[in-house]
Amino acid sequence: MGRNLLAERPTYVVGIGLHRYQHKTDTTYVQLGLTAVRAALADAGITWPDVETAYTGTALLGMGASRIMLSRLGATGIPMAQVENASASGSTAVAQACLDVASGRTDVALALGVDKPRGGLPMAPSEAGISNLEGGTVVPFTHFALLASEYMAAHGVTAEQVAGVALKNHRNGARNPFAQRQQERSMEEIMADPISGSMSRLQCCPVGEGASAVIIASDEGIDRLGIDRSRAVRVLASATRSEGLYPPGVGIDAALTVETAQAAFDQAGVGPLDMDVLEVHDAFSIEELLYTEALGFCEPGQAAFLVESGHFDLGGRCAVSPSGGLLAMGHPIGPTGTGQVAEVTRQLRGEAGDRQQPGAHLGLTHMVGVGAVCVVHVLESPRG
Amino acid sequence: MPDVRARYPELIRLGSTADDPPVIIGQACGACGRRSFPPDPYGCEACGAAVDRLTSTELAAVGVIHAVATVHRHHHPRPETPFTVATIVLDDGVTLKGVLTGDTSAVGVGSRVRGVTVPWDTDDDGTEVVDLRFETVGGEG
Ligand SMILES: [Zn+2]
């Protein structure tokens, strides 16, 4: 059994910064990334030479993205690398930065997520030479439409109840200046424009461009650089797992989430019902229901009813996707996971303005990536 | 009568007559006994046995719908939208996804289905290419 490094050497998020998520523009990825990093440095009250190591979470940019970008803050010669883990690339960059700091190798590390949409990029799993009968008919939105069909049939849930996730998340996203979709929507608008099964356009996340950055530091780094401790959010857990083999009929993404959440809660010494705020991988509305259940917030089949009752609203028992989630804030791939950590940090500092979850003390981020992989972080407010 | 081949011959064995149902080609692991689909050229996900321990096994194309969705947006012209896909648990214990054919208005979770072939394309040499679809089996579901 390995060591619980985050318990041995306290590790904190000390700076966050974003470039708004948006439809693809002529803005270069370098500009997107630098905007987020400069904002994170300013937020932490430190300068670029204080950063000792850097990880760039990206799945779409191609080889060698980090240095051409980060050297424009000053070519300090620090170690840097790209991290690709599909939709969980940014989350994995955070995990690497936390590992660097928790291990004692460095005191200050950067995790940056940045991406721009690009067509025609090869997907490694489809290059594996394993054929299937579907002939390309089951793309992600249909995979999740099938899970929605299964969920509704098993639990007596309606399509409108599943869509309730999107109603909530578009409402939250309307309060987030960094969200790609910043418009509150009616249930009628959300149910319009069917894509596949009960999944409509506004129940599917937009994939645009953007950037988000998170600066991770140790106690020594905080003291040495005079960083404000009252805004330092401790990382209690950083867990990553990949898909196992599950019995027929068991949902893969949910089963993987159960295992990863357990690993994270074991590290953190807390449980799901201790959480006040969650950012989960809601690329499709049904996913938020499956994952809040898999993370242990309620029994299978209950999440749809809890969403309907306001349990997961801002101001409810536990705020889920206060940023608007992937559905409204957007899913630019590389930035998504770092953006989740930025949002939960903002919430736990009490700095989320009109989308603040009152009294938020503990929070969790959760991303799933094609493969499948799952990454979960648990964060604690500066109040300790 | 022209020659006929399956669109995915590595996954489907056609019946010898038009009335003979198509069979799905799965895989069985000689080390741990796991049955799986689609056939894998590398090894067993359950026990790690190398591909030389994996043997081809035929799975009857009959089962029950576990989930169903009608697709309205598709990035290829075929199949034409809307079409309906389903997650199907075969009686032989393997779960797969397939496209439905025929009247799907009454199809739901729990409906029994069986594999049939439909015309897909014609090769340059005149060989007729057929693809697997699933249709509901009357009287059950
Ligand atoms: Zn085996």
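See the structure shown above.
Residues numbered from 1 in each chain as written. Chains lettered and ligands numbered in written order. Predicted model: local features only at pLDDT ≥ 70, side-chain atom pairs only at ≥ 80, totals over all residues. Heavy atoms only, no water.

(A) Structural view of the overall build of chain B. Broken down by element type, chain B carries zero helices and ten strands. For chain B, the sequential pattern of α-helices and β-strands runs β-β-β-β-β-β-β-β-β-β. With respect to the principal axes defined by its C-alpha atoms, chain B has extents near 40 × 40 × 35 Å. Considering chain B as a whole, with its 141 residues, one finds that 42% of them fall into the buried category. (Helix = DSSP H or I, 4+ residues; strand = E, 2+ residues; numbered from the N terminus. Buried < 20%, exposed > 50% of the residue type's maximum accessible area, 1.4 Å probe, protein only.)

(B) The overall build of chain A, seen in detail. Per the secondary structure count, chain A includes 13 helices and twelve strands. Here the C-alpha atoms of chain A give a radius of gyration of 19 Å, agreeing with the 21 Å that 2.2 N^0.38 yields for 384 residues. Its C-alpha atoms give chain A principal-axis dimensions of roughly 55 × 45 × 45 Å. Looking at chain A as a whole, 61% of its 384 residues qualify as buried. (Rg over C-alpha atoms; globule rule 2.2 N^0.38 Å.)

(C) The packing of aromatic side chains, seen in detail. Overall, the coordinates contain one aromatic pair over all chains when judged by the stated rule. Judged by centre distance (5.2 Å) and plane angle (20 degrees), the ring pair of Phe144 of chain A and Phe284 of chain A falls under stacked. Within this pair, whereas Phe144 of chain A is found in helix 5 (residues 140-155), its partner Phe284 of chain A is found in the loop between strand 9 (277-279) and helix 10 (285-294), the two being separated by 140 residues in sequence. Classification of Phe144 of chain A as buried rests on a relative accessible area of 9%. The residue whose ring lies beneath Arg229 of chain A is Tyr12 of chain A, and the NZ or CZ to ring-centre distance is 6.0 Å. Of note, Arg7 of chain B hangs over the ring of Trp120 of chain B, and the distance from its end group to the ring centre comes to 4.0 Å. (Phe/Tyr/Trp six-rings, centres within 6.5 Å; stacked < 30°, edge-to-face > 60°. Lys NZ or Arg CZ within 6 Å of the ring centre and 35° of its normal.)

(D) Looking closely at the coordination of the zinc ion. All names here are of chain B. Bound to the zinc ion are the protein donor atoms Cys29 (SG), Cys32 (SG), Cys44 (SG) and Cys47 (SG), situated 2.3 to 2.4 Å from the metal. Viewed at the metal, the four donor atoms of the zinc ion are separated by angles of 106 to 113 degrees, and the geometry they form is tetrahedral. Read in sequence order, the donor residues coordinating the zinc ion give the pattern C-x2-C-x11-C-x2-C. By relative accessible area, Cys44 is classed as buried at 9%. (Donors = N, O, S within 2.8 Å, 3.2 Å for Na, K, Ca; no water. Tetrahedral: all angles 85-135°; square planar, octahedral: opposite > 155°, others 65-115°.)

(E) Expanded view of the nonpolar core. All names here are of chain A. One finds Met275, Ile286, Leu289 and Val378 to be the most contacted residues of the largest nonpolar core, which totals 67 residues. For this core, the element with the highest residue contribution is helix 5, accounting for seven residues. Those residues within four positions of Met275 in sequence are excluded, and the remaining contacts are Phe265, Val270, Phe297, Arg317, Cys318, Leu362, Gly363, Leu364 and Val378. Ranked by size, the runner-up nonpolar core spans 32 residues in total, among them Val30, Val108, Val114 and Ile227. (Core = buried A, V, L, I, M, F, W, Y, C linked by side-chain atoms within 4.5 Å. Contact = heavy atoms within 4.5 Å.)

(F) Examining the interface of chain B and chain A more closely. Contact residues are listed per partner, giving 37 residues for chain B and 28 residues for chain A. With both sides pooled, the region where chain B packs onto chain A buries about 2500 Å², and carbon together with sulfur makes up 64% of that total. Of all residues in chain B, His66, Arg73 and Lys97 of chain B bury the most surface against chain A, accounting for 25% of the area lost on that side. Viewed at the interface, chain A and chain B are joined by one salt bridge. Notably, a salt bridge pairs Asp193 of chain A with Arg73 of chain B, separated by 2.9 Å at the nearest N-O pair. Remark: the boundary between chain B and chain A carries eight residue pairs in polar contact (both at pLDDT 80 or more). Every element with two or more residues in the side of chain B that touches chain A is listed here: strand 6 (62-71), strand 7 (83-90) and strand 8 (95-99) of chain B. (Buried area = accessible area lost by both parts, 1.4 Å probe. Salt bridge = Lys/Arg side-chain N within 4 Å of Asp/Glu carboxyl O. Polar contact = N/O pair within 3.5 Å; in protein donor to acceptor, adjacent residues only side chain to side chain.)

(G) Summary view of unusual backbone geometry. A cis geometry characterises the amide bond from Gly371 of chain A onward to Ala372 of chain A, with omega recorded as 5 degrees. Structurally, Ala372 of chain A can be placed in the loop between strand 11 (362-369) and strand 12 (373-380). Of note, the bond from Arg78 of chain B into Pro79 of chain B is cis; its omega dihedral lies within 30 degrees of zero at -10 degrees. Here Pro79 of chain B shows up in the loop between strand 6 and strand 7. Not every positive phi belongs to a glycine, and Ala86 of chain A is a case in point at roughly 55 degrees. Summarising the element assignment, Ala86 of chain A is placed in the loop between strand 3 (80-83) and helix 4 (89-102). The buried category is assigned to Ala86 of chain A, whose relative accessible area is 15%. Even without glycine at this site, Ser321 of chain A takes up a positive phi of about 55 degrees.

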